[in-house]
Amino acid sequence: MPRPSRNEMAVRSMATAERVYQVTSTGFVAHGSIVLDGRELDSEEQSMLNIMSRAAVHCNEASLEQRDGLWRMHGDPMEGALLIAGTGAGLDVDITKKQYPRNDLIPFESERRLMATPHHNRSGNAFIIIKGVPEQLLTA
């Protein structure tokens, strides 16, 4: 199958240890849903997917902008696709990023093949998100 063009980059599915879910958001349109067996999931059914979606939004350098009724993505197409997938999971990207601001960044580099971002909230809760090439993450 040919690789999607820059304007067609999208997250098509999300996998947990139990299931593979379909993501209906496509291109750079900030809406969509997550589907299992042809049925759209409600937010209570998506707990693990919400965690994954929040991680995709937080550990991300791309941005979305709505101008003149159209959505525009700025940055890497794959990171933009991850933001769109987050909106498909029902997240508001701006609110999600404000809830747990990023403290720092270890940028993705080809030698390291991963990216990491530490975050915190006003209550002192903190976490680090790491995303990258699966082989690198599983052997690190």
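As a reminder, the structure under discussion sits directly above these lines.
Keep in mind that this is a model prediction, so the values were computed, not measured. (Residues numbered from 1 in each chain as written. Predicted model: local features only at pLDDT ≥ 70, side-chain atom pairs only at ≥ 80, totals over all residues. Heavy atoms only, no water.)

### Topic: the pairing of strand β6 (residues 70-74)
Consideration 1: Bridge count for strand β5 (residues 63-67) against β6 is 5 bridges, and the pairing is antiparallel. Opposite glutamine 66, over in β6, you have tryptophan 71 as the bridge partner.
Consideration 2: Hairpin connection of β5 to β6: 2 residues between the antiparallel strands, including aspartate 68 at a positive phi of 55°. (Pairing = 2+ DSSP bridges. Helix = DSSP H or I, 4+ residues; strand = E, 2+ residues; numbered from the N terminus.)

### Some words on the pairing of strand β2 (residues 20-23)
Consideration 1: Only one face of β2 is buried, namely the one carrying Tyr21 and Val23, since none of Val20 and Gln22 on the opposite face is buried.
Consideration 2: In terms of strand pairing, strand β1 (residues 13-15) meets β2 through 3 bridges, oriented antiparallel. Looking at the pairing, methionine 14 lines up with tyrosine 21 of β2.
Consideration 3: Bridge analysis of β2 against strand β3 (residues 34-36) gives 2 bridges, and the strand direction is antiparallel. Looking across to β3, one finds that glutamine 22 is bridged to valine 35. (Buried < 20%, exposed > 50% of the residue type's maximum accessible area, 1.4 Å probe, protein only.)

### Section: the nonpolar core
Soluble globular proteins tend to bury their nonpolar side chains together.
Consideration 1: Grouped together as the largest cluster of nonpolar side chains are 11 residues: Val11, Met14, Tyr21, Val23, Ile34, Leu36, Leu41, Leu49, Ala81, Ala85 and Ala89.
Consideration 2: Ala62, Ile84, Leu91 and Val93 belong to the second-largest nonpolar core, a separate cluster that totals 8 residues. (Core = buried A, V, L, I, M, F, W, Y, C linked by side-chain atoms within 4.5 Å.)

### Digging into unusual backbone geometry
Consideration 1: A positive phi is found at aspartate 68, a non-glycine position, where the angle reads about 55°.
Consideration 2: Located in the positive-phi region is arginine 113, a residue other than glycine, with phi close to 60°.
Consideration 3: The residue arginine 113 is located in the loop between α3 (93-99) and β7 (114-120) in this model.

### Looking at a nonpolar patch on the surface
Consideration 1: A cluster of nonpolar side chains, namely Ile128, Ile130, Leu137 and Leu138, defines an oily patch on the protein surface of about 430 Å² accessible area.
Consideration 2: Secondary-structure elements contributing two or more residues to the nonpolar patch are β8 (126-132) and α4 (134-139).
Consideration 3: Within the secondary structure, isoleucine 128 is located in strand β8. (Patch = residues over 30% accessible without salt bridge, like charges linked within 9 Å, V, L, I, M, F, W, Y side chains within 5 Å. Areas by Shrake-Rupley, 256 points an atom, 1.4 Å probe, with all protein chains shown as cover. Salt bridge = Lys/Arg side-chain N within 4 Å of Asp/Glu carboxyl O.)

### Here's the deal with the pattern of salt bridges
Consideration 1: Under the criterion given, the structure shown has 4 salt bridges.
Consideration 2: A salt bridge links lysine 131 to glutamate 79; its shortest N-O distance comes to 2.8 Å. Placement of the pair is lysine 131 in strand β8 and glutamate 79 in helix α2 (residues 77-88), with a sequence separation of 52 residues.
Consideration 3: Assessed through its relative accessible area of 11%, glutamate 79 is described here as buried.

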